[in-house]
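Here's the letter readout for the chains.
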Protein chains: 2
Amino acid sequence: MPEKILIVVCDGLGDRPVPGFGNKTPLQSAARPSLNHFARNGACGIIDIIAPGVRPGSDTAHLALFGHDPFKVYTGRGPFEAMGVGMEVRPGDVAFRCNFSTVSADMTILDRRAGRIRDGTVELARALDNWEFEGVKVYFKEGTEHRGVLLLRAPGLSPLVTDSDPHQEGVKPHECAPKAPEAALTARVVNAFVKRSYDILKDHPVNRTRVKAGELPANIVLPRGAGIMPHMPSFLERFGIKTAAIAGVALVKGICRVSGMDIIDVKGATGGLDTDMKAKTAAAVSALDKYDLVFVNIKAADLCGHDGDPKGKAAVVRRLDAAMAIVKKALPEGAFLALTADHSTPCCVKDHTGDPVPLAIYGKGVRADRVRTFDEIACARGGLGRLRGLDLLPILLDLAGRSEKFGA
Amino acid sequence: MPEKILIVVCDGLGDRPVPGFGNKTPLQSAARPSLNHFARNGACGIIDIIAPGVRPGSDTAHLALFGHDPFKVYTGRGPFEAMGVGMEVRPGDVAFRCNFSTVSADMTILDRRAGRIRDGTVELARALDNWEFEGVKVYFKEGTEHRGVLLLRAPGLSPLVTDSDPHQEGVKPHECAPKAPEAALTARVVNAFVKRSYDILKDHPVNRTRVKAGELPANIVLPRGAGIMPHMPSFLERFGIKTAAIAGVALVKGICRVSGMDIIDVKGATGGLDTDMKAKTAAAVSALDKYDLVFVNIKAADLCGHDGDPKGKAAVVRRLDAAMAIVKKALPEGAFLALTADHSTPCCVKDHTGDPVPLAIYGKGVRADRVRTFDEIACARGGLGRLRGLDLLPILLDLAGRSEKFGA
């Protein structure tokens, strides 16, 4: 009988030995009886989420974990930026990273970042959002500070266009030009959008207030880095399985959505340090009733890594452990658990690195090895050896009796 | 802050257990406190330089270690043979392996190897070197015994030509023919070169002396195995890093040069058994002042492997260890060291084999494992697991804080 699968990804959990911690990693330094339970009774290993030494982004990491080769499907950042700001992205959508910028009356760019504007971008973006031009739906949403995302939706759009953003100041915005005949419509929409952004933003109340205060107005939007959202066959199409995801962060949620997973919203799941981890794991275990595979991303450890805070990261590990105690208690008979991370975020680096992450696979019939603890060093001696992110899903589907034989 | 990287390759160091050595490998049998220091305090593993079971050449091995997939860039042996005999090879050069051969007056090949000529080839080659035909620069250099290398340099040359060498005796040399229209010029130059080699060599004093002594004259040169030197982007282009190499052997030096590394000449570095290893490691450590990545190849262990001399190889290990004591003492704070080999050259085989080679990566924040000694068997239990040659550079660049994130 096919069994259920639970994947728990502790975002950014991997780390490097910390001198002040007796040369232990934050994970090693924390009491973690539940995490260790799964390592001790499971099969362990380490994973290069993309490839050895390659530093994964949150987007490319989750693509790989969901069985999509990021070197093939990750063609441009635009669509993933769109997911990151919480936009819905569909296959065929073309999206651009954008800056709010400042131009003079003769269209010379004075500041590509509009004085690094912080406030008011929500209102500015709303004024540009939800437009239509030549049958193309046009969406725009603000990101952090001066950043935003332009998303175009229509059949047959192409991302093969040049940037409006000239990547320098003192010149005029570039005309967006098609690099191939089939991109002519995309280019026309982008040019119309840029012109419209100036027309709408130049006298927008937010900008009038900025000018009065001696600040540069955010009076134009300059797109760059076009990318198209590839069609990625869903879990249902690929494996015939029903899948759900629990994730707090917009970018991860977006990738789950385009991978065809149902998103389960959990009360108290914020994607921040204050997230209710126990609520997430409890909801995940419950969802196994209805779904064949449930994925949970818990973000907190990554935040401590970015902050360079090993003590905070160790505290997060203790909370993760308490949340995993719920899985230990409530994981349905026969189900398989994969416990891992999407990348390392070492506190000494304060960013994602290519260091591999620990993995424990737990469930009936798994070839348990001699690993006693769940951490970066111990799992490297495990029976699963050193794997790639793309390997995880096939291994789990096979264990759960859900994969096809290749050959006869 | 980006850190420095030192790669020390002990050429041909890997071996197999030797019955007469208590079933230890030469590496295991030698006292090696400094090598062990890096293994004990570093992360260890084994590397398949090309792929499991694939026997690397010195050329393909170093291509992989420098991040160039040999299956993609190694299209023909010609350009690498040229490097091996010490010729300068540039991207776009087309080169051929050649034989000095013997033909009769009616151009029938009597001996493809000119009586396995040993002496006088330097003079013969010099008579053919440095010519020009239809705007193509033509270089020729002798190799060992009857071997030589023809190198053509001009824009737009193609290696898609057939061999002049018919690979049998009793027939006439083949006309070199283009396999594609764009190779017409290459074929014309090769045919002109072969004709000219006969015109110049048939009455050359070296051959007159040979004929008088009853030996076959080396009166023609027959090219085969055309290959083009691919453009390989330099370390600076790929990663923005300044790199230098210390190597005694012409082939390795040549690959370093086409990879865009500065070559540092070290007094006493011969590429032979008499090489001054300490001078090489000392120079390498000093070069880290000026360069971001320094590569050192120490050839001696390979020579003992080819000679089938495990005792000699163990003695080389003791000298390697003394040279690495300098690195242990002088490696700059924060720098990363990779200690490995380019392939195994087991004494029982007397040639390169596909056995993986040991690896230790040493430096701040490295996930040290339980490996206590640097050798083929112990390192296989290390935390790095089993890697490929192409993985090494990304791992080092990531550790040193010199790689780009893939995604966001």
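Reading the values: rules and limits
Residues numbered from 1 in each chain as written. Chains lettered and ligands numbered in written order. Predicted model: local features only at pLDDT ≥ 70, side-chain atom pairs only at ≥ 80, totals over all residues. Heavy atoms only, no water. Helix = DSSP H or I, 4+ residues; strand = E, 2+ residues; numbered from the N terminus. Rg over C-alpha atoms; globule rule 2.2 N^0.38 Å. Contact = heavy atoms within 4.5 Å. Areas by Shrake-Rupley, 256 points an atom, 1.4 Å probe, with all protein chains shown as cover. Lys, Arg positive; Asp, Glu negative; His and termini not counted. Charge placed at Lys NZ, Arg CZ, Asp CG, Glu CD. 1 Å grid on protein atoms, 1.4 Å probe; cavity = no way out; pocket = protein on both sides within 12 Å on 5 of 7 lines; lining within 4 Å. Points joined across faces, edges and corners; volume = space filled by probe spheres on them. Nonpolar A, V, L, I, M, F, W, Y, C, P; charged D, E, K, R; others polar. Phe/Tyr/Trp six-rings, centres within 6.5 Å; stacked < 30°, edge-to-face > 60°. Lys NZ or Arg CZ within 6 Å of the ring centre and 35° of its normal. Domains from an automatic or database assignment. Buried area = accessible area lost by both parts, 1.4 Å probe. Salt bridge = Lys/Arg side-chain N within 4 Å of Asp/Glu carboxyl O. Polar contact = N/O pair within 3.5 Å; in protein donor to acceptor, adjacent residues only side chain to side chain. Buried < 20%, exposed > 50% of the residue type's maximum accessible area, 1.4 Å probe, protein only. Pairing = 2+ DSSP bridges. Least-squares fit on C-alpha atoms with pLDDT ≥ 70 in both. Axes fitted to C-alpha atoms, helices over the stretch in contact; angles between N-to-C directions. Expected span 1.5 Å × (residues − 1). Parallel < 35°, antiparallel > 145°, perpendicular 65-115°, else oblique. Left-handed = near helix turned anticlockwise from the far one by under 90°.

Asker: Would you take a moment to explain the overall build of chain A for this structure?
Answerer: Tallying secondary structure elements over chain A gives 14 helices and 15 strands in all. The C-alpha radius of gyration of chain A comes to 23 Å, within 12% of the 22 Å expected for a compact globule of 408 residues. Counting contacts in chain A only where the partners sit at least 6 residues apart, residues at least 24 apart contribute 72% of the total. Total accessible area on chain A is roughly 16,300 Å²; 51% of this is exposed by carbon and sulfur atoms. Across chain A, the mean location of the 54 positive side-chain charges is 4 Å away from that of the 47 negative side-chain charges.

Asker: Any chance you could explain empty space enclosed by the protein here in plain terms?
Answerer: Considering all chains together, one arrives at 4 cavities of 30 Å³ or more under this definition. In terms of lining, the largest cavity is formed by 19 residues, of which the most central are Asp355(A), Pro356(A), Ala43(B), Arg367(B) and Leu384(B). For the lining of the largest cavity, the class distribution of residues is 10 nonpolar, 3 polar and 6 charged. Reported here for the second largest cavity is a volume of approximately 50 Å³. Around the second largest cavity sit 14 residues that line it, and Ile47(A), Ile49(A), Pro56(A), Gly354(A) and Asp355(A) are the ones nearest its centre. Residues of the lining of the second largest cavity, tallied by class, amount to 8 nonpolar, 4 polar and 2 charged.

Asker: What's the story with the layout of surface pockets in this structure? I'm lost.
Answerer: A probe as big as a water molecule, rolled over the atoms, marks out the empty space that is left. All names here are of chain B. By volume, the largest pocket amounts to about 860 Å³. What lines the largest pocket is a set of 36 residues, and nearest its centre among them are Phe336, Gly363, Lys364, Gly365 and Val366. Looking at the lining of the largest pocket, the element that brings in the most residues is helix H14 (residues 389–399), giving 3 residues. Each residue belonging to the lining of the largest pocket can be placed in one class, and the counts come to 16 nonpolar, 11 polar and 9 charged.

Asker: Would you mind going over the packing of aromatic side chains with me for this structure?
Answerer: All names here are of chain A. The tally for this structure, following the rule as stated, stands at 18 aromatic pairs over all chains. Between phenylalanine 235 and phenylalanine 239 the ring centres are 6.3 Å apart and the planes differ by 50 degrees, which places this aromatic pair in the tilted class. On the criterion of helical spacing, the pair formed by phenylalanine 235 and phenylalanine 239 is a turn pair, its members being 4 residues apart in helix H9 (residues 235–239). An aromatic cluster is built from Phe66, Phe235, Phe239 and Phe295, whose rings are joined through pairwise contacts. Seen from the ring of tyrosine 291, lysine 242 lies directly overhead, with NZ or CZ sitting 5.4 Å from the centre.

Asker: I tried to follow the domain arrangement of chain A on my own but got confused; where do I start?
Answerer: Interfaces are often sized by the accessible area lost when the parts come together. All names here are of chain A. Splitting chain A by domain gives domain 1 (5–74 + 233–399) and domain 2 (81–227). Summarising the inter-unit geometry, the C-alpha centres of domain 1 and domain 2 are found 36 Å apart. Contact with domain 1, which involves 6 residues of that partner, is made by 6 residues of domain 2. Taken together, both faces of the contact between domain 1 and domain 2 bury some 440 Å²; the carbon and sulfur share is 76%. By the criterion of area lost to domain 2, the three top residues of domain 1 are Ala250, Leu251 and Val258, representing 69% of everything that side buries. Joining domain 1 to domain 2, the criterion identifies 0 salt bridges. Connecting domain 1 to domain 2 are 0 residue pairs in polar contact (both at pLDDT 80 or more). Along the lines of polarity and charge, the residues of the side of domain 1 that touches domain 2 split into 4 nonpolar, 1 polar and 1 charged.

Asker: Would you mind showing me how to read the pairing of strand S2 (residues 43–48) of chain B here?
Answerer: Every regular strand shows the same layout, with side chains that alternate between the two sheet faces. Residues and elements named next belong to chain B. Burial analysis of S2 places 6 of its 6 residues in the buried class, the great majority of the element. The two faces of S2 match: Ala43, Gly45 and Ile47 on one face and Cys44, Ile46 and Asp48 on the other face are all buried. Pairing between S2 and strand S13 (residues 357–362): 5 bridges, direction antiparallel. Counted as the bridge partner of cysteine 44 is alanine 360 from S13.

Asker: Help me out: how do you make sense of the relation of the copies chain A and chain B in this one?
Answerer: Between the two copies of the chain lies a relationship made up of a rotation around an axis and a movement along it. Overlaying chain A with chain B gives an RMSD of 0.3 Å, the required rotation being 123 degrees about an axis along which the chain moves by 0.3 Å. Viewed as a symmetry operation, the transformation between the two copies matches a three-fold axis.

Asker: Even after reading the chapter, I still don't get the side chain of Glu3(B), so can you show me in this structure?
Answerer: All names here are of chain B. Here glutamate 3 is to be found in the segment before strand S1 (5–10). At 5.1 Å, lysine 364 is the nearest oppositely charged side chain to glutamate 3, a buried residue that forms no salt bridge. Sequence-distant contacts of glutamate 3, defined by excluding residues within four places in its chain, comprise Asp292, Glu333, Gly334, Ala335, Phe336, Ala400 and Arg402.

Asker: Mind showing me how you'd approach the sheet that holds strand S10 (residues 262–263) of chain B here?
Answerer: In a beta sheet, neighbouring strands are held together by backbone hydrogen bonds and run either parallel or antiparallel to one another. All names here are of chain B. In spatial order, the strands read S10-S9-S11-S1-S12-S13-S2-S14; together these 8 strands make up an open sheet with mixed pairing. Pairing within the sheet leaves two strands with one partner each, and these edge strands are S10 and strand S14 (385–388). Two strands pair when backbone bridges link them, and strand S9 (residues 243–246) and strand S11 (residues 293–298) are joined in this way by 4 bridges, in the parallel orientation. Looking at the pairing, threonine 243 lines up with leucine 293 of S11. This element, helix H2 (residues 33–40), spans S2, strand S12 (336–340) and S13 of the sheet and lies at about 70 degrees to S13.

Asker: Just checking my understanding: could you explain the sheet that holds strand S12 (residues 293–298) of chain A for this structure?
Answerer: Residues and elements named next belong to chain A. What the 8 strands build is an open sheet, ordered S11-S10-S12-S1-S13-S14-S2-S15; its pairing is mixed. Looking along the sheet, the strands with just one partner apiece sit at the ends: strand S11 (262–263) and strand S15 (385–388). Alignment of strand S1 (residues 5–10) against strand S13 (residues 336–340), held across 5 bridges, turns out to be parallel. Its bridge partner lying in S13, valine 9 is registered against threonine 340. Lying on the sheet, helix H14 (residues 389–399) is in contact with S1, strand S2 (43–48), S12, S13, strand S14 (357–362) and S15; it crosses S15 at an angle near 105 degrees.

Asker: Help me understand the interface of chain A and chain B in this model?
Answerer: Taken together, the contacts link 33 residues of chain A with 19 residues of chain B. For the pair chain A and chain B, the two sides together bury roughly 2,100 Å², of which 51% comes from carbon and sulfur. Between chain A and chain B we count 3 salt bridges in total. Across the salt bridge formed by Asp351(A) and Lys405(B), the nearest N and O atoms sit 2.8 Å from each other.

Asker: Is there a simple way to think about helix H13 (residues 310–330) of chain A in this case?
Answerer: Within an α-helix, residues lying three or four positions from one another point in the same direction, as the helix has 3.6 residues per turn. An ideal rise of 1.5 Å per residue puts 30 Å on 21 residues; H13(A) measures up with 30 Å between its terminal C-alpha atoms. Buried within H13(A) we find Pro310(A), Gly312(A), Lys313(A), Ala314(A), Val316(A), Val317(A), Leu320(A), Asp321(A), Ala323(A), Met324(A) and Val327(A).

Asker: Explain unusual backbone geometry here, please?
Answerer: It is generally the case that most residues other than glycine have a negative phi and that most peptide bonds are trans. Residues and elements named next belong to chain A. Its identity as a non-glycine residue notwithstanding, glutamate 134 has a phi of 50 degrees, on the positive side. By secondary structure assignment, the location of glutamate 134 is in the loop between strand S6 (131–133) and strand S7 (136–142). Overall, the relative accessible area of 45% leaves glutamate 134 in the partly exposed class. One non-glycine residue, histidine 167, lies in positive phi territory at about 60 degrees. Residue placement: histidine 167 occurs in the loop between strand S8 (147–153) and helix H7 (184–201).

Asker: Before we go on, may I ask you to explain the pattern of salt bridges in this structure?
Answerer: Note that side chains of opposite charge can pair when their charged atoms are close. Residue and element names in this part refer to chain A. The final tally for this structure, using the stated rule, is 46 salt bridges over all chains. When the shortest N-O distance is used, the salt bridge between glutamate 145 and arginine 118 registers 3.0 Å. With glutamate 145 in the loop between S7 and S8 and arginine 118 in the loop between strand S5 (109–111) and helix H6 (121–128), this residue pair connects regions lying 27 residues apart in the sequence. Overall, the relative accessible area of 25% leaves glutamate 145 in the partly exposed class.

Asker: Help me understand the packing of helix H11 (residues 277–287) of chain A against H13(A) in this model?
Answerer: Helix-helix packing is described using two parameters, namely the angle between the two axes and the distance between the axes. All names here are of chain A. Running from amino to carboxyl end, H11 crosses H13 at an angle of 25 degrees, the nearest separation of the two axes being 9 Å. Relative to H13, the element H11 lies roughly parallel. Remark: the crossing between H11 and H13 carries right-handed chirality. Facing H11, whose interface residues are Met277, Lys278, Thr281, Ala282 and Val285, H13 presents Val316, Arg319, Leu320, Ala322, Ala323, Met324, Ile326, Val327 and Ala330. Tallied by class, the residues present in the contact of H11 with H13 amount to 11 nonpolar, 1 polar and 2 charged.

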